[in-house]
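Here is what each chain is made of, one letter per residue.
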Amino acid sequence: MVRPSVWVLLGVLTFASVDALAAPPEAGAAKSVQEASKRVETARANLATAVQRIEKEPPSTPDLDAALAAVEALKDALNAGASFETEDLDYAKAVLAARKQLRTHREYVEERRAKVHIHDFRRRIDGALTALNERMAKVAERDLDSKSMDESRASVESLKKLVEEGRPLTSQDPKFAAYITEVDATLVRHGKTLDERWLQQSAQKQRGLLAERRKALSTALAALDPAWSDEKFGVADKEVGALQKQLDEGKPLEERDKAYRAEADKARAEITQARRRMEELVVQAGVSRVKAEVGPAHEELVVAAKALRARKPTPEQFAEAKTAAFVVRKLVERYEPQAARSPAIGQYIAEVKNTLAEVEVVLQVRSLDAARADVTQALRNIERRSATAEQFEEAKTALVVLEKTLETVQTKNPAVSPTAVEARQLLKDGRATMERRRYEVDLQQQRVKVDEARKNAAALVTQIQQDKPTEAQLQAAENAVQQIGVVLEAGAAFVKKDRDYAIYAKETKERMVDLGGRITRRKVVLAAADARVQISERLAATKQTLEAAKLVSATDGDVETASKSVDEVMKLFEARAELERQDAGYAAYAERARAEWLKQVEALEFAKQARTLRRVTGEALAAASTAATAAAAAGDLRKRKELYAGALEKLQACQDDGARLVKENASLAAIDVLVAGTPTRPQDVMAQCAQKAESLREPQKRADVQLRFLDGPKKAYDAAKPLVSKGRKEEALAKLNECIAEGRILENRYPEFKEQKFDVDGGRMSLLELIQTCVKERKPLQSAP
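Residues numbered from 1 in each chain as written. Predicted model: local features only at pLDDT ≥ 70, side-chain atom pairs only at ≥ 80, totals over all residues. Heavy atoms only, no water.

A.B. asks: I tried to follow the overall build of the protein on my own but got confused; where do I start?
C.D. replies: When you go through the protein residue by residue, the secondary structure sums to 25 helices and four strands. Residue pairs at least 24 apart in sequence account for 74% of intrachain contacts in the protein once pairs closer than 6 positions are excluded. In the structure as shown, the protein presents an accessible area of about 44800 Å², 52% of it carried by carbon and sulfur atoms. (Helix = DSSP H or I, 4+ residues; strand = E, 2+ residues; numbered from the N terminus. Contact = heavy atoms within 4.5 Å. Areas by Shrake-Rupley, 256 points an atom, 1.4 Å probe, with all protein chains shown as cover.)

A.B. asks: Looking at this structure, how should I read the packing of aromatic side chains?
C.D. replies: The geometry of two aromatic rings is summed up by the distance between their centres and the angle between their planes. Per the counting criterion, the structure on display carries five aromatic pairs. Aromatic side chains Tyr439 and Phe494 sit 5.4 Å apart centroid to centroid with 50° between the ring planes, which places their arrangement in the tilted category. A residue pair is termed long-range when its members are at least 10 positions apart, and Tyr439 in helix H15 (residues 417-464) and Phe494 in helix H17 (residues 492-497) qualify at 55 residues. Judged by relative accessible area, Phe494 falls into the buried class, the value being 12%. With a centroid separation of 4.2 Å and an interplanar angle of 20°, the aromatic rings of Phe709 and Phe758 are classed as stacked. (Phe/Tyr/Trp six-rings, centres within 6.5 Å; stacked < 30°, edge-to-face > 60°. Buried < 20%, exposed > 50% of the residue type's maximum accessible area, 1.4 Å probe, protein only.)

A.B. asks: What am I meant to see in the pattern of salt bridges here?
C.D. replies: A side chain of one charge can pair with a side chain of the opposite charge if their charged atoms are brought near each other. Here the structure, examined in full by the defined rule, presents 35 salt bridges. Between Lys523 and Glu478 there is a salt bridge whose closest N-O contact spans 2.8 Å. On the criterion of sequence distance, the pair formed by Lys523 in helix H18 (residues 499-550) and Glu478 in helix H16 (residues 471-490) is long-range, its members being 45 residues apart. Taking relative accessible area as the criterion, Lys523 reaches 34% and is therefore assigned partly exposed. A salt bridge links Glu747 to Arg744, with the shortest nitrogen-to-oxygen separation between them at 3.3 Å. Of this pair, Glu747 and Arg744 both sit in helix H24 (residues 729-749), three residues apart, roughly one helical turn. Taking the relative accessible area as the measure of exposure, Glu747 reaches 14% and is therefore buried. (Salt bridge = Lys/Arg side-chain N within 4 Å of Asp/Glu carboxyl O.)

A.B. asks: What should I look at first to understand a negative patch on the surface in this one?
C.D. replies: Together, Glu299, Glu300, Glu316 and Glu320 line one region of the surface with negative charge. Among the elements of the structure, helix H10 (287-308) and helix H11 (315-334) are those that each provide at least two residues to the negative patch. (Patch = residues over 30% accessible without salt bridge, like charges linked within 9 Å, V, L, I, M, F, W, Y side chains within 5 Å. Lys, Arg positive; Asp, Glu negative; His and termini not counted. Charge placed at Lys NZ, Arg CZ, Asp CG, Glu CD.)

A.B. asks: Teacher, can you tell me more about the pairing of strand E3 (residues 757-760) here?
C.D. replies: In summary, the side chains of a regular strand alternate between the two faces of the sheet. With burial as the criterion, only one face of E3 is covered, namely that bearing Phe758 and Val760; the residues Lys757 and Asp759 on the opposite face remain uncovered. One ladder, built from four bridges, connects E3 with strand E4 (residues 763-766); its direction is antiparallel. Paired with Asp759 across the bridge in E4 is Arg764. Following E3, the chain reverses through two residues before pairing antiparallel with E4; Asp761 in that reversal takes a positive phi of roughly 55°. (Pairing = 2+ DSSP bridges.)

A.B. asks: I'm lost on the packing of helix H19 (residues 556-575) against helix H21 (residues 584-633) in this one. Help?
C.D. replies: What describes two packed helices is the angle between their axes and the distance between those same axes. Between H19 and H21, the least distance of the axes is 10 Å, while the angle of their chain directions is 160°. For the element pair H19 / H21, the angle class is roughly antiparallel. Between H19 and H21 the crossing geometry is left-handed. Judged by residue contacts, Asp556, Val559, Ala562, Ser563, Val566, Val569, Met570 and Phe573 of H19 engage Ala590, Ala593, Arg594, Trp597, Gln600, Val601, Leu604, Ala607, Lys608, Arg611 and Arg615 from H21. For the contact of H19 with H21, the per-class residue count stands at twelve nonpolar, two polar and five charged. (Axes fitted to C-alpha atoms, helices over the stretch in contact; angles between N-to-C directions. Parallel < 35°, antiparallel > 145°, perpendicular 65-115°, else oblique. Left-handed = near helix turned anticlockwise from the far one by under 90°. Nonpolar A, V, L, I, M, F, W, Y, C, P; charged D, E, K, R; others polar.)

A.B. asks: I tried to follow the environment of Glu560 on my own but got confused; where do I start?
C.D. replies: One can find Glu560 in helix H19. Distance from Glu560 to Leu604, taken between C-alpha atoms, is 9.7 Å for residues 44 residues apart in sequence.

A.B. asks: Hey, could you run me through the state of the cysteines in this one?
C.D. replies: One way to say it: the disulfide is the covalent bond shared by the sulfur atoms of two cysteines. Summed over the entire model, instances satisfying the criterion amount to two disulfides. Here Cys654 engages in a disulfide with Cys689; their sulfurs sit 2.1 Å apart. Handedness of the Cys654-Cys689 disulfide follows from its S-S torsion of about 80°: it is right-handed. With Cys654 in helix H22 (residues 637-664) and Cys689 in helix H23 (residues 682-725), this residue pair connects regions lying 35 residues apart in the sequence. With a relative accessible area of 0%, Cys654 lands in the buried category. Note on cysteine connectivity: Cys739 is disulfide-linked to Cys774, with sulfurs 2.2 Å apart. Between Cys739 and Cys774, the S-S dihedral sits near 75°, and the bridge is therefore right-handed. With a gap of 35 residues between them, Cys739 in helix H24 and Cys774 in helix H25 (residues 767-783) connect regions that are remote in the sequence. The same class applies to Cys739 as to Cys774, namely buried. Take the cysteines of the protein that form disulfides and number them in order along the sequence; they join up as 1-2, 3-4. (Disulfide = S-S within 2.5 Å.)

Here it is as structure tokens:
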């Protein structure tokens, strides 16, 4: 069996449409044994069909997916009827067989799916391996650029990934496992080949780059010989650095490639010689060259320093000093390499740096003073009672500027240090002040928001106390009270920080409860008034329907309408039961209305009984009369008998049910019942029913006798005659015996009709005559051999 982890992999790799045969059963438990049995049988048939479809070679992926889905469908069908397995023996037997089928077919389906996926993986791996081998054959023939090398490595990694995806299947097929081992070895070999080619090409490329850098350094050094030039000196210095960088980049190749290591050693020697040559040239050029370029800028800086020493330098002087310091700083940085090589140049550059340091210190102090002044002014602005959000942003920006200015100054310089210390303290104090004022302003604004919410809620609650508010007004008042809570929640942090605000918030919550109570009480009063109106209107309407139901001409529909109206009143009481506990005035009204309603319930019950009595007496008498008239005119004896029987049944019910109803409620004896449009007392109607029943018994009995005669002795006699003529003695004798037996039974049951004449064989016979005729014709048949 395939391991679960393998199936997880196969589920990720294969997605196909499920065949209709594998459609799952309806979700949920079966409602009956019949439904469960049907679902199980359907799922079994679908599974068997799906398994047949995957027996072909090779099975298609959709068929395999359909088979797996059919297995799950049978499992779901069994689960849906699990509750019936211990209740029905036949179903339990069917389930036992189904579970066996599920186990065997599931194993077969999983085995087929595993083989198909192994075949698919081998096909995919073969294709990828063929393409990789072709690419690796080309690698050995020519040099690879970086793109081709990356593509080759990507092909190796792609094949490795594909092999790893199929590796779980090796436990299912030893041949596939051996195949995967061979592919692993091929991948290792190709990886090693790529590494060797990369090393070979990298070393060759690095040697070329190293040669270019050595040649460039040689050219730059040659250009320095005829005459000194800062530009040429800078180019040579740059080429020294470039060659050193190239050596650093190729350092890993030196241990793996001896030829490249030899070239690298030569390059290092050339760097040492170049640096020595450049130092010699610097000494030869002397300090005069440096002074010629730096001197003018230095003089400008000295003038600027003198201007800065004034008590209040102008903004223009301040700007000129900054520009001069910037120019001198860049020139000093340019000649730092020469200063490091020549003591004379180093001494001159040091003198320039002293003047530069003096100016930069003054500039830094002035910058700090300006930033401190901006912070001080911004803090004064936010100390005002009506500080705005913009002023807080200005203070925040001023503090950031001061902080950034501190990062640019030389805080360890004795001339800058005191000012920097004061700036840091101002920065610390300013942040504390800003945080404090932010808190105070936020607290003040929070109280304003709460005050506004309270004022709005109080106004809306006052509004709904006047006249009859609309639903929208009530909802607006509730929303306003809830908004107070929203505003309080937004300022919850102030409760823990500020005692006065905590007291204020507590008092506001109490105010919320009070306002909410006022809204609730108002809603109760309005609901009570509305309930009174609805109940009063419904009671009045119910009274009218009851009056209609009491009429002698009332129908079942009138009674049903009255019954529904009474029920609606009861529902009104039930729906507003809670209101009775909330409003004493409504509770008193509801008690009075309920008493009136109970009277209506009694009236409805009497109307129902009266309607029932009228239906089982007057209406039954009318229906029986109609049926009797139809029976008398009916030519079909069976129809006539049924009509008479139905009429007698209604008349008997009229007497029995009518008497019972009057006995159960004596008040019903005083009502009127319509008989042919005439109001009549129930007792009189029941008497008419008895008289009518008595008059129908004779014709009903006559119809019954006539029908029994036709279906009994006459039918047997008519069937015997042709049998006698055909010589079928036994059958004829049986029919004649039936004629005699049926005739005797009819004679005993209705002796008063034994002399009545009936149409028999073209003539008229009485029952006795027909019996005698059958006896007479039976004798020859009995005596015959």
